Amino acid sequence: MRHAGVEAERGSVGLRCARAGRRRTPLLRREGQWQTTVVRGHLPRGQNVGGRNARLGLKAAADGASMYPPTSKPEEGDGKIGETAAVASVMKAVMGAGCFALPWAFANGGLALTTFSLAVMCLVCLKTLGYMFKARDAALDLDDAKSLSDVGNYVDISELTLGGTGALGVKIIMCLTCFGVCSAYLVFLASTMVTIAAGYNWPVALQNEKTMIYLVSPLMIALAYLRSMSAAGLISIFGNISVVVGMTFVLIDALKNPVVLSSLPMAVPSQFSAYVGSVAFLFLVHFALPDIEANMTERKNFLSAAAKGYWLCALICLAFGGIGALGYGPQVKSVAIAMLEGGVVAVTVKLLLCANVLATFPLIVRSSFATIENAFGGMSVGPSNIMRTLYVLAAAFCAASIPSFGKLVGLVGGVACTALGFSVPIFMLY
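Computed from a predicted structure; not experimentally measured.

*Asks:* Could you give an account of the overall build of the chain, with specific residues and numbers?
*Replies:* When you go through the chain residue by residue, the secondary structure sums to 15 helices and two strands. Considering the chain as a whole, with its 430 residues, one finds that 50% of them fall into the buried category. Taking contacts inside the chain between residues at least 6 apart in sequence as the whole, the part at least 24 apart equals 79%. Surface summary for the chain: the accessible area is close to 19,000 Å², and the carbon and sulfur share equals 65%.

Structure representation (structure tokens):
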């Protein structure tokens, strides 16, 4: 009887739409029940779908009203994450090995100027993140054929807001970004493990960076198979703990030295181009964030979760960079862990950093994998795993050919991440 009633309601909706001279939109099966999608300016009887957006139609798009599913609570066991896990995932995307360049940035850019730059970059990146989702919601208001559930990553948003040509450019930039980051991570892991191997006189083969790149690749391949965002959220929490513990070890070592405030400048504008990359690259992770939002139980809470994650990261980075610079002084090296003397503490911090990089990897490459799979019309698990394996191996080959973590990060951060985090969201909205 229930199905008969549903079919009658569907027929009733179609009849009313036909009488109104409007196109009938497809039905979505969500949480085991048939629900009609909203026809612009028309609200099906007995259903409060879309709320204010359905009643106001085009005005909702102009006002930037949000589009969310009629019911955002997922089915049990669907792998969705809550706001706390979303905050942890955002923080994991932001805080990585690059944080350990912050004491050098503060020492060279000046305590006051670098603090100001970090706060401004955090604020601006949150603003452009809001532009991206505002553009998506406005476009959904204008497109009866798509619902929020159809838009789950950065590429989906670009297709919806920029059209075919713009979306193609975004796909290319994003895939290159993720691939470059993957290669950079492999270089970082290998170079870090080589320093440990050299310190403990491991076999000569393990002290070769190219060999180590291929040895750590299986770990990256295993993480590439990870598809559940809830599992990625747990790994993110572990990664955040590892990087904070690593920072703590560095700060304890830094504070063993006498703090001389006068030894550091307050502002050195001429060094802006040298240090700003270390600050800006932290927050330019827009391409990884729509995947987190799409896997939340309450998608409308994502911007709040992102703001919490960004500002928590800003505070942690401010404390680490400032205190590290004060403790080590002007002689601080470009990567703070290089200031640690050999021993158990130094090895522990290096291993924690490696764990942090491994925890970041699944979040960063999700969009790239989804883009490639969609380009082939979708993939089952077997072919998808083969593709992901080849992806990591290709990144390992590039990493072994260009074993320079700094150059790779500088190239990716300066070109691709800047475009995806600054320029593209503005184009999406305007």
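*Asks:* So what about the nonpolar core? Which residues, and what values?
*Replies:* Residues Phe283 and Tyr310 are the most contacted members of the largest nonpolar core, which totals 115 residues. The biggest single contributor to this core is helix α7 (residues 154-199), with 18 residues. Apart from residues lying up to four places away in sequence, Phe283 is in contact with Val94, Leu118, Met121, Cys122, Cys125, Tyr310 and Ala314.

*Asks:* If you had to explain a nonpolar patch on the surface to someone new, which residues and values would you point to?
*Replies:* A cluster of nonpolar side chains, namely Leu234, Ile237, Ile241 and Val245, defines an oily patch on the protein surface of about 350 Å² accessible area. By secondary structure assignment, the location of Ile241 is in helix α9 (residues 229-254).

*Asks:* Pulling in residues and values, what's your account of the side chain of Thr371?
*Replies:* Among the structural elements, Thr371 can be located in helix α13 (residues 344-375). Given a relative accessible area of 8%, Thr371 falls into the buried group. Excluding residues within four positions of it along the chain, Thr371 makes contact with Val155, Lys171, Met174 and Cys175.

*Asks:* Tell me what's going on with the packing of helix α8 (residues 209-224) against helix α14 (residues 381-401), and back it up with residues and numbers.
*Replies:* Two numbers describe how α8 lies on α14: the axes approach to 9 Å, and their chain directions differ by 155°. Classified by the interaxial angle, the pair formed by α8 and α14 is roughly antiparallel. Where α8 crosses over α14, the handedness of that crossing is right-handed. Touching Lys210, Ile213, Tyr214, Ser217, Met220, Ile221 and Ala224 of α8 are Arg388, Thr389, Val392, Leu393, Ala396, Phe397, Ala399 and Ala400, all from α14. Here the residues of the contact of α8 with α14 are counted per class, giving 11 nonpolar, two polar and two charged.

*Asks:* Which residues make up the packing of aromatic side chains, and what values do they have?
*Replies:* Counted according to the given criterion, the structure contains six aromatic pairs. With 5.5 Å between their ring centres and 80° between their planes, Phe179 and Tyr391 make a pair best called edge-to-face. Pair noted here: Phe179 is in helix α7 and Tyr391 is in helix α14, with a separation of 212 residues, a long-range link. The class for Tyr391 is buried, based on a relative accessible area of 9%.

*Asks:* Can you tell me about the pattern of salt bridges, naming the residues and giving the values?
*Replies:* Evaluated as defined, the whole model comprises six salt bridges. With a closest N to O distance of 3.0 Å, Lys308 and Glu83 form a salt bridge. Of this pair, Lys308 sits in helix α12 (residues 302-328) while Glu83 sits in helix α4 (residues 83-94), and the two are 225 residues apart along the sequence. By relative accessible area, Lys308 is classed as partly exposed at 43%. Using a relative accessible area of 26% as the deciding quantity, one classes Glu83 as partly exposed. For Glu293, the salt bridge identified is with Arg136, shortest N-O distance 2.9 Å. Pair noted here: Glu293 is in helix α11 (residues 289-294) and Arg136 is in helix α6 (residues 111-142), with a separation of 157 residues, a long-range link. Of the two residues, Glu293 and Arg136, neither departs from the other in class, the shared state being buried. A single salt-bridge network, built from bridges that share partners, covers Arg136, Asp137, Glu293 and Arg299.

*Asks:* I'd like a description of the environment of Tyr185, backed by residues and values.
*Replies:* You can see Tyr185 is positioned in helix α7. When its relative accessible area of 14% is taken as the criterion, Tyr185 is described as buried. When the C-alpha positions of Tyr185 and Met220 are compared, they lie 9.3 Å apart, and in sequence the two are 35 residues distant. Sequence-distant contacts of Tyr185, that is, excluding residues within four places in its chain, are made with Met220, Val357, Thr360, Phe361 and Ile364.

*Asks:* Talk me through α7; I want residue IDs and the actual numbers.
*Replies:* Because each turn of an α-helix spans 3.6 residues, side chains separated by three or four positions end up pointing in the same direction. Compared with an ideal rise of 1.5 Å per residue, which puts 46 residues at 68 Å, α7 spans 43 Å between its outermost C-alpha atoms and falls more than 12% short. The residue sitting at the N-terminus of α7 and contributing the capping side-chain oxygen is Asn153; that oxygen lies 3.1 Å from the backbone nitrogen of Val155. Backbone geometry just after α7 places Asn201 at a positive phi near 55°.

*Asks:* Any chance you could break down the state of the cysteines for me, citing the residues and the numbers?
*Replies:* Tallying each qualifying case throughout the model produces zero disulfides. Not part of a disulfide, Cys178 finds its nearest cysteine sulfur in Cys175, a span of 6.7 Å. Unpaired in terms of disulfides, Cys313 finds its nearest cysteine sulfur in Cys317, a separation of 6.0 Å. Using a relative accessible area of 0% as the deciding quantity, one classes Cys313 as buried.

*Asks:* For the packing of α4 against α12, give the residues involved together with the corresponding values.
*Replies:* Orientation of α4 relative to α12, taken along the N-to-C sense of each, is 45°, at an axis distance of 8 Å. Comparing their axes, α12 and α4 come out oblique. Crossing of α4 over α12 shows right-handed handedness. The segment α4 lies against α12, with Glu83, Ala86, Val87, Val90, Met91 and Val94 engaging Phe302, Ser304, Ala305, Ala306, Lys308, Gly309, Tyr310, Leu312, Cys313 and Ile316.

*Asks:* So what's going on with the environment of Arg366? Residues and values would help.
*Replies:* In this fold, Arg366 is placed in helix α13. Using a relative accessible area of 17% as the deciding quantity, one classes Arg366 as buried. Sequence-wise, Arg366 and Asp291 are 75 residues apart; in three dimensions their C-alpha atoms are separated by 7.4 Å. Apart from residues no more than four positions distant in its own chain, Arg366 is found in contact with Arg227, Ser228, Met229, Asp291 and Asn295.

Criteria and cut-off values
- Residues numbered from 1 in each chain as written.
- Predicted model: local features only at pLDDT ≥ 70, side-chain atom pairs only at ≥ 80, totals over all residues.
- Heavy atoms only, no water.
- Helix = DSSP H or I, 4+ residues; strand = E, 2+ residues; numbered from the N terminus.
- Buried < 20%, exposed > 50% of the residue type's maximum accessible area, 1.4 Å probe, protein only.
- Contact = heavy atoms within 4.5 Å.
- Areas by Shrake-Rupley, 256 points an atom, 1.4 Å probe, with all protein chains shown as cover.
- Core = buried A, V, L, I, M, F, W, Y, C linked by side-chain atoms within 4.5 Å.
- Patch = residues over 30% accessible without salt bridge, like charges linked within 9 Å, V, L, I, M, F, W, Y side chains within 5 Å.
- Salt bridge = Lys/Arg side-chain N within 4 Å of Asp/Glu carboxyl O.
- Axes fitted to C-alpha atoms, helices over the stretch in contact; angles between N-to-C directions.
- Parallel < 35°, antiparallel > 145°, perpendicular 65-115°, else oblique.
- Left-handed = near helix turned anticlockwise from the far one by under 90°.
- Nonpolar A, V, L, I, M, F, W, Y, C, P; charged D, E, K, R; others polar.
- Phe/Tyr/Trp six-rings, centres within 6.5 Å; stacked < 30°, edge-to-face > 60°.
- Expected span 1.5 Å × (residues − 1).
- Polar contact = N/O pair within 3.5 Å; in protein donor to acceptor, adjacent residues only side chain to side chain.
- Disulfide = S-S within 2.5 Å.

Structural measurements only, silent on function.
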